[in-house]
Amino acid sequence: PFAPALSRGLGVDISSIYNLVTLRNFAGFISPLFGPFSEWFGRKPVMIAAMLLFALSSGIVVIWPAYWPLGAALILIALSKVIYDPAMQAYVGDVVPYQKRGMAFAVTELSWAGALLVGAPLVGFAIQKYGWQSPFIWLTLLGFIAVLLLWRIIPHYPVQSGSETGLAATWQVVRAHPVIWAAAAYSLLLMCANETFFIVYGDWMEGSYHLKLASLGLASGLIGGAEIVGELFAGWSVDRLGKRPVVIVTGLLNAMLYLLIPHTGSSLTAALATLFLLFLFFEITVVGAVPLLSEIVPTARGAVMAIVLAAGALGRAFGDLIGPKIWDAGGLTGNGTTAAVIMLLAILILSRWIREGHDPSAA
């Protein structure tokens, strides 16, 4: 959302900022290289190491606030995320029975939405008052605090893996379980759909409604609120109604809203209301699928989640590449239509090839 502000602060055109975002997301494509780490070293140590990398990467911009250091920081932050997320998701999958896993993953996802709800308005305020690089000071400090919290609070559990680990073993798992390809395709398309819209969202809001940075931060905070509601609903619904049915319904609703939002340009209230619903249903579609995908090959959970995350990062990168081009050619109508079609393809793949898992150890 703050791409225009970053471009002005650095004295570069906005396409240069979009290019950095694309590089960041392509960095996430190498997640499978790090997937075995949590099998080798344990979930908790890998989570701590990834968060330490995040804090140090954010510090690059604090020390050297310029275009290429920002790009390097974004790439390293992306790497920290693709190391952290599969380890965290595998950790939850190890210790929480499948029938209760929807709520467990929803709780972890609250951090993502909560950061946007609280952080986006603060970032907008900080950039407006202290400059574009000022949020990275807080990211660095909070990253180190997170390292301390992980080390002191998170219990250590032995890895419950029933297979060999390593890249060769990961490839053997993929060959033996074609459903992983379906899971990867679903993740890629899901994230590509949202990024195709979200990459130009800040430009659209700023241009259509002449929002200042603080107001744009509040609008982004509204998305965080929608994601929190979506995660709470996902946590309540997917364990009761089934992961797969909930995800299919909300994915279809999400596609409909991508088509609708370009037609709300005459009213800021209507645009914000549609944005709220769009990200609410998108978040349910994302969070509801995580426990479903975590059980497709339980004996290689860390590797599977790393592949799914890599596919999602690649999908975001594709969305970052095509989103601005579609925006230049057809405006938000083009972005919304493209996002809707891609979302429908994702839901088709999930409904056709991905089934509910069963955890024999569940209570």
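Relevant structure appears above.
Residues numbered from 1 in each chain as written. Predicted model: local features only at pLDDT ≥ 70, side-chain atom pairs only at ≥ 80, totals over all residues. Heavy atoms only, no water.

## Some words on the overall build of the protein
Reasoning step 1: Looking only at helices and strands, the protein has 15 helices and 0 strands in total.
Reasoning step 2: For the C-alpha atoms alone, the extent of the protein along its principal axes is close to 55 × 45 × 30 Å.
Reasoning step 3: Taking contacts inside the protein between residues at least 6 apart in sequence as the whole, the part at least 24 apart equals 85%.
Reasoning step 4: Accessible surface, the protein: about 15,500 Å² in total, of which carbon and sulfur atoms supply 72%.
Reasoning step 5: Side-chain charges of the protein comprise 19 positive and 18 negative groups, with the mean position of each set lying 3 Å from the other. (Helix = DSSP H or I, 4+ residues; strand = E, 2+ residues; numbered from the N terminus. Contact = heavy atoms within 4.5 Å. Areas by Shrake-Rupley, 256 points an atom, 1.4 Å probe, with all protein chains shown as cover. Lys, Arg positive; Asp, Glu negative; His and termini not counted. Charge placed at Lys NZ, Arg CZ, Asp CG, Glu CD.)

## Overview of the pattern of salt bridges
Reasoning step 1: Applying the stated criterion to the full structure yields 5 salt bridges.
Reasoning step 2: Between arginine 101 and glutamate 295 there is a salt bridge, with its nearest N and O atoms 2.6 Å apart. Within this pair, whereas arginine 101 is found in helix α7 (residues 101–130), its partner glutamate 295 is found in the loop between α14 (268–293) and α15 (301–353), the two being separated by 194 residues in sequence. The residues arginine 101 and glutamate 295 share a single accessibility class, namely buried.
Reasoning step 3: With a shortest N-O distance of 2.9 Å, glutamate 195 and arginine 316 are connected by a salt bridge. Here glutamate 195 is found in helix α10 (residues 179–198), whereas its partner arginine 316 is found in helix α15, with 121 residues between them in sequence.
Reasoning step 4: The class for glutamate 195 is buried, based on a relative accessible area of 4%. (Salt bridge = Lys/Arg side-chain N within 4 Å of Asp/Glu carboxyl O. Buried < 20%, exposed > 50% of the residue type's maximum accessible area, 1.4 Å probe, protein only.)

## Brief notes about the nonpolar core
Reasoning step 1: Core analysis: the biggest nonpolar cluster contains 109 residues, and Tyr186, Met205, Tyr258 and Ile354 have the highest contact counts within it.
Reasoning step 2: At 16 residues, the largest contribution of residues to this core is made by α15. (Core = buried A, V, L, I, M, F, W, Y, C linked by side-chain atoms within 4.5 Å.)

## Some points on the side chain of glutamate 227
Reasoning step 1: By the secondary structure assignment, glutamate 227 is in helix α12 (residues 213–241).
Reasoning step 2: In contact with glutamate 227, not counting residues within four places along its chain, are Trp112, Ala113, Leu116, Phe279 and Glu283.

## What about a nonpolar patch on the surface?
Reasoning step 1: Together, Val62, Ile63, Trp64, Ile137, Trp138, Leu141, Leu142, Ile145, Leu149 and Ile153 give the surface a local cluster of nonpolar side chains, amounting to about 1,100 Å² of exposed area.
Reasoning step 2: Residue assignment for the nonpolar patch shows that the elements contributing at least two residues are α5 (43–63) and α8 (135–153).
Reasoning step 3: With 7 residues, the top contributor of residues to the nonpolar patch is α8.
Reasoning step 4: Tracing the chain through its elements places leucine 149 in helix α8. (Patch = residues over 30% accessible without salt bridge, like charges linked within 9 Å, V, L, I, M, F, W, Y side chains within 5 Å.)

## Here we look at the environment of alanine 226
Reasoning step 1: If you trace the backbone, alanine 226 turns up in helix α12.
Reasoning step 2: Owing to a relative accessible area of 0%, alanine 226 belongs among the buried residues under this scheme.
Reasoning step 3: With 132 residues separating them in the primary sequence, alanine 226 and aspartate 94 have C-alpha atoms 29 Å apart.

## Brief notes about the packing of helix α6 (residues 67–95) against α15
Reasoning step 1: Direction vectors running N to C along α6 and α15 enclose 140°, while the axes themselves pass 9 Å from each other. One finds that α6 runs oblique with respect to α15. Crossing hand, α6 versus α15: right-handed. Taking contact as the criterion, the partners of Lys81, Val82, Asp85, Pro86, Gln89, Ala90, Gly93 and Asp94 in α6 are, on α15, Arg301, Gly302, Met305, Ala306 and Leu309.
Reasoning step 2: Across the contact of α6 with α15, the residue classes break down as 6 nonpolar, 3 polar and 4 charged. (Axes fitted to C-alpha atoms, helices over the stretch in contact; angles between N-to-C directions. Parallel < 35°, antiparallel > 145°, perpendicular 65-115°, else oblique. Left-handed = near helix turned anticlockwise from the far one by under 90°. Nonpolar A, V, L, I, M, F, W, Y, C, P; charged D, E, K, R; others polar.)

## Quick word on the side chain of serine 237
Reasoning step 1: Topologically, serine 237 is positioned in helix α12.
Reasoning step 2: Using a relative accessible area of 0% as the deciding quantity, one classes serine 237 as buried.
Reasoning step 3: Every residue in contact with serine 237, bar those within four places of it in the chain, is listed here: Gly242 and Val246.

## Observations regarding the packing of aromatic side chains
What describes a pair of aromatic rings is the distance from one ring centre to the other and the angle between the planes of the rings.
Reasoning step 1: If you walk through the whole model with that rule in mind, you get 6 aromatic pairs.
Reasoning step 2: Their ring planes at 10° and their centres at 5.3 Å tell us that phenylalanine 198 and tyrosine 201 sit as a pair that is stacked.
Reasoning step 3: Taken together, a centroid distance of 5.5 Å and an interplanar angle of 70° make the contact between phenylalanine 198 and phenylalanine 279 edge-to-face. With phenylalanine 198 in helix α10 and phenylalanine 279 in helix α14, this pair connects stretches of sequence that are 81 residues apart.
Reasoning step 4: You can call phenylalanine 279 buried: its relative accessible area is 2%.
Reasoning step 5: Connected via pairs of aromatic rings, a cluster forms that spans Phe197, Phe198, Tyr201, Tyr258 and Phe279.
Reasoning step 6: Above the ring of tryptophan 151, the side-chain terminus of arginine 152 is found at 5.7 Å from the ring centroid. (Phe/Tyr/Trp six-rings, centres within 6.5 Å; stacked < 30°, edge-to-face > 60°. Lys NZ or Arg CZ within 6 Å of the ring centre and 35° of its normal.)

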